Amino acid sequence: MINKLHLQTHVTALCIVKPHFLLEGCGGFLNLYNLDSNQLLESLNIFRGARIHGIQYSPRNETIVAFGGKLLAVVALNGSQSAVSRLNILQKSSETDWIRDAKFVNNGDYLVKLTSHNKVLIQKTASKAEIIEVQGEEQCILYCGKILGDHLSQLTILAGTVFGNILVWAASTSEKDNCLFHRLTGHNGVIFSINYDEISQTIISTSDDRSVRSWSLLFEDDKPSNLWSLFQRARIQAKHELYGHEARVWNSVVMRRNQCEPALVASLGEDSRVCLWDLTSGTLVSKFDAHPGTSVWAAEWDPLRKLLVTAGGDGSTRIWNVNHLQETTCRQLKLPEEGQVPRLVAITSSGSYRYLVFSQQGIIYGWNPDTQLWTSLFQDERLGNGSVLDSDGQTIIFGTRTGAVFVFVSGPSLELLTTHQLEKSKIYSVHLVASGQFMACLDNGRLLLLNIFDGNDSEPKTRFILPEGKQRWPSCILATQSRFMMGDREGSLHLYSTKKETPLQSFVNIHGKNGLTDIKSDPIGRNLYYTSGKDGRVGLWHLTDDQNQLELLSLTNTSLGWIARLRWINRQLTYLAFQSDRFVVWSSHQQRSLMQVPCGGGHRSWDFDVTSDVTFLFIKDKHIYEHRRPLSGVFSSSLAGRCGGHSKSVCRGRFIGFHEPLILTGSEDTTMRLSRLDQRSAQSLTIITKHVSSVRALAVQELKDRPGTWLCVSAGGRAQLSVGLLTIAGQGDQVHVIHHDVRSHFLRGWLRRATNKPWVNDGHPSLIPDPETRYMDVDVLDRCDSNFHIIAACSDSFIRIFSLALDGCRLDLFQELSFHNCCVLQVKVVADAYGNSILFSTGTNGQLAVWNITSLEEDKGIEPIGSLQAHQSGINSLDCQWVDVDRMLILTGGDDNALVCTKVELSCERNALKFIDQQKQFPHAAQISGVAILSNSLCLSVSLDQRLILWKRLDTQLTCLSTICCDVSDIQGLDVFPGVTKTLVMVYGQGIQVFEVDESISVTQNLEYPSATIVDPLSA
């Protein structure tokens, strides 16, 4: 009756299986991927409510050992393409202690397990019976461990204790050989991981103290070949103590291209970083943010493809080329003459000079890659301060302050092709727009389209004029047949025809007010175009067949601060952006950074090229810098990995009913994501960054007069309420989303402070913070004519009602209701048969209040119709359903672990609330965080104990039909999307999971438990 469909949560284990398989542990699912095609081949649910913490593969018997918590599963892997099922469970077992490591020995005849109390369990795989237990000398608690040796006679254990010690001991079935070889001390915290490099004979450990330590095995004579003798005779010496992480270090992996080359160690941190260390010298080679905002849990090195695979808490698996991992520095290219200040730079795609630099004195220098020297190529005083530049790699065009235009061609030398004297007016921008044509912008927004080869006396082919504005010149221009698309410095997009001076169409401030930066056509889609801006958004546009109108298909938030240019590389759209002081190359397909260069920010002259290698040329502090990397190190053809979701816990999730159900989520990472379900996971369509704190509440409602547009209300910490409109079009892989921000409201508001330093805040108001109050829940009431009431549950005991007018984009506090005298947790608005609007509210005191909010007057208080003491403590979840005209069923779940079904009689005309019946049960072992009433007399409840229970309802009596364990921990709630016979259920917390409930089946046996009886919380 309940089936698992989609899961996006922490990926905690990885394993690479030759020749081209990747095993991934996501929650309790074991996923099998093809490394070459990035295709999910199979997904197998092996654990109930537990995460997979480790995966080991035995090539001899083609068997996988997966373990997590106290559970272990042995799975057969069939690599044949014709196999119906590639993954088959052979054995599942549960231990009394946590499993820290497991592996097959003796050619797969025995399975060895290391548990948390320093005990080794040896099991013969054929009989599946426990044959022996080997207890270490110290029965301390282990946080990690490593089993070394492929034979029972050589089993050596590396154990990391809670006291920061590393124990090296022999796990022998004979008591006389069972001894402690070494105790390694030095860490100031618990040990999280231990690894051993056989080639260099080095132990690598990571710890709670944020350090990575290496220990070398030293010998006075020849090295023994026997593993026990190796550790027994060795003198283990601390080699390196490495600090590069800003938080705890979870794990490490040894990377070596071949056995002859020195090894690198990749350490994985809670700070989202991967640090690469030289194992021999202990130097930090490079570090990068692998999974921004969340922990990096696991990593695997593929020596065949030279790839590092990482997995993180955002539910993503990412692949890194080895060339990308090697951090390259920026090289300074000094000009030959002292005192020459570079102003503009350009990279050429042909000719003898790779780079061109234009100095403040009007001198053009060319960089010869063969001689590694600058050469003076051209000089003209007019090319000094105030000149502007555009280049396509071969043709370089300049506009000067005096109205002169210089056109150069890069060849064996830099050739001056032609000059134009337009007017004695400053040229604000020049653009190469088509073959043999350029456009120059003069004062007052006047644009001239000219042929490059025409003389000074020639008339412009076409004249245009930009709309009024403070910065009245274009930042980018794209020509298409007889049309021109222009983006200006104020974030607006204009469509021009060669037959008309003024725009055919304008989209004012579509990319904010800081500028539209680039326009690119889609090489695959007909009449599709992309735009980018300094607001960090990317727009997708369609030009109609008559080329007279642009249609905005989507406007996607990328979470990048400033997108400077767009590039199509390997048929994939790539963003060239600036985040803080770094230049970032971002893959829209892989949803991750491909390259980062600290350059000082975007306010400088720079150029980027991928002709032969990846080159970034920029000016910083009046000096020229070059950053180069191999092309394969940035834009490799390797697999993209799997895109993730939120980097922190999901606080609220809502279904949006489109052609296919979409998911809108709000998280503690302060963002909202709109996602579509895809391949058992969720693919982000857009990221909305409007909040300064966690997003704890969401409400969505489709506008009646605008089909395909949803009103989206979000609220959370710092007493912030945000309203936006989501317009969705298309279906399948072609879903396009536009998010339009309507208004944000802060409870304390904004303060405009007087200052003697106007450049500090430029007169903008400053936010008065309200760290104490947070919004716990929101709901929306439609008042018709694009007017709404937004009801917010607040932590300061008030229910606040806001009035929203979409036409005027006004959002004002309308009324405050007070009753609970405690934190208000839930609000829900329903309508009765007479058209009255009824509000339900719950608090941390266990009370449920009912309000009639049909007619509200501003600043006039109202009292609730009535209240019920439903729970002993906070009511976290609420749903209700009318039984008939005046009677209603209310289902609530609370902190007291109680699931309560209450039947009441409710009348707004009589202003009466009458209690009829109530049934209370305790089916969960922890507080209940979500409930829902379905059709066919079915109900759902979910709890922090990770159990989703389906109930059959008979009046107020609930009977358990089915129970299933969720793979998402720290569950915050659920939402449902009803269908004809099947209902989708989304559970959210540390990730999201979507289930399918078949409502056509009225009776079924319990799926996860041996009987369908209600579980007592004390015995669960």
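About the thresholds
Residues numbered from 1 in each chain as written. Predicted model: local features only at pLDDT ≥ 70, side-chain atom pairs only at ≥ 80, totals over all residues. Heavy atoms only, no water. Helix = DSSP H or I, 4+ residues; strand = E, 2+ residues; numbered from the N terminus. Rg over C-alpha atoms; globule rule 2.2 N^0.38 Å. Contact = heavy atoms within 4.5 Å. Areas by Shrake-Rupley, 256 points an atom, 1.4 Å probe, with all protein chains shown as cover. Lys, Arg positive; Asp, Glu negative; His and termini not counted. Charge placed at Lys NZ, Arg CZ, Asp CG, Glu CD. Buried < 20%, exposed > 50% of the residue type's maximum accessible area, 1.4 Å probe, protein only. Pairing = 2+ DSSP bridges. Phe/Tyr/Trp six-rings, centres within 6.5 Å; stacked < 30°, edge-to-face > 60°. 1 Å grid on protein atoms, 1.4 Å probe; cavity = no way out; pocket = protein on both sides within 12 Å on 5 of 7 lines; lining within 4 Å. Points joined across faces, edges and corners; volume = space filled by probe spheres on them. Nonpolar A, V, L, I, M, F, W, Y, C, P; charged D, E, K, R; others polar.

## Focus: the overall build of the protein
Of regular secondary structure, the protein possesses 4 helices and 86 strands. In terms of C-alpha radius of gyration, the protein reaches 33 Å, essentially the compact-globule figure of 31 Å for 1020 residues. Overall, the C-alpha framework of the protein stretches about 95 × 95 × 60 Å when taken along its three principal axes. In the protein, of all internal contacts separated by at least 6 residues, the share reaching a separation of at least 24 is 46%. Accessible surface for the protein amounts to roughly 41600 Å². Of this, 45% is attributable to carbon and sulfur atoms. Positive and negative charge centroids in the protein, built from 95 and 104 side chains respectively, lie 3 Å apart.

## Comments concerning the pairing of strand 56 (residues 614-620)
Burial runs high along strand 56: 6 of the 7 residues are buried. Alignment of strand 55 (residues 606-609) against strand 56, held across 4 bridges, turns out to be antiparallel. Residue pairing for strand 56: Phe608 is matched across the bridge by Phe616. Between strand 55 and the antiparallel strand that follows it, strand 56, lie 4 residues. As defined by bridge partners, strand 56 adjoins strand 57 (residues 623-629) across 7 bridges and the pair is classed as antiparallel. In the sheet register, Leu617 faces strand 57, and the bridge partner there is Glu626. Remark: 2 residues form the turn of the hairpin made by strand 56 and strand 57, two consecutive strands paired antiparallel; Asp621 in that turn has positive phi of roughly 55°.

## Regarding the packing of aromatic side chains
For the structure on display, the rule yields 29 aromatic pairs. For the ring pair Phe358 and Phe398, a centre distance of 4.1 Å and an interplane angle of 70° mean the geometry is edge-to-face. Of the two residues, Phe358 sits in strand 31 (residues 355-359) while Phe398 sits in strand 35 (residues 395-399), which places them 40 residues apart along the sequence. Taking the relative accessible area as the measure of exposure, Phe358 reaches 2% and is therefore buried. On the numbers, 5.1 Å between centres and 75° between planes, the contact of Phe378 with Phe408 is edge-to-face. A residue pair is termed long-range when its members are at least 10 positions apart, and Phe378 in strand 33 (residues 373-379) and Phe408 in strand 36 (residues 404-410) qualify at 30 residues. A residue is classified by how much of its surface remains accessible, and Phe408, at 1% relative accessible area, is buried.

## Focus on empty space enclosed by the protein
Scanning the model with the defined rule gives 6 cavities of 30 Å³ or more in all. Considered as a void within the structure, the largest cavity measures approximately 160 Å³ in volume. As for the largest cavity, its lining consists of 21 residues, of which Gln8, Gly645, His646, Val650 and Gly991 are closest to the centre. Mapped by element, the contributors of at least two residues to the lining of the largest cavity are strand 1 (2-9), strand 59 (661-667), strand 60 (672-678) and strand 86 (991-998). Residue composition of the lining of the largest cavity, grouped by class: 3 nonpolar, 15 polar and 3 charged.

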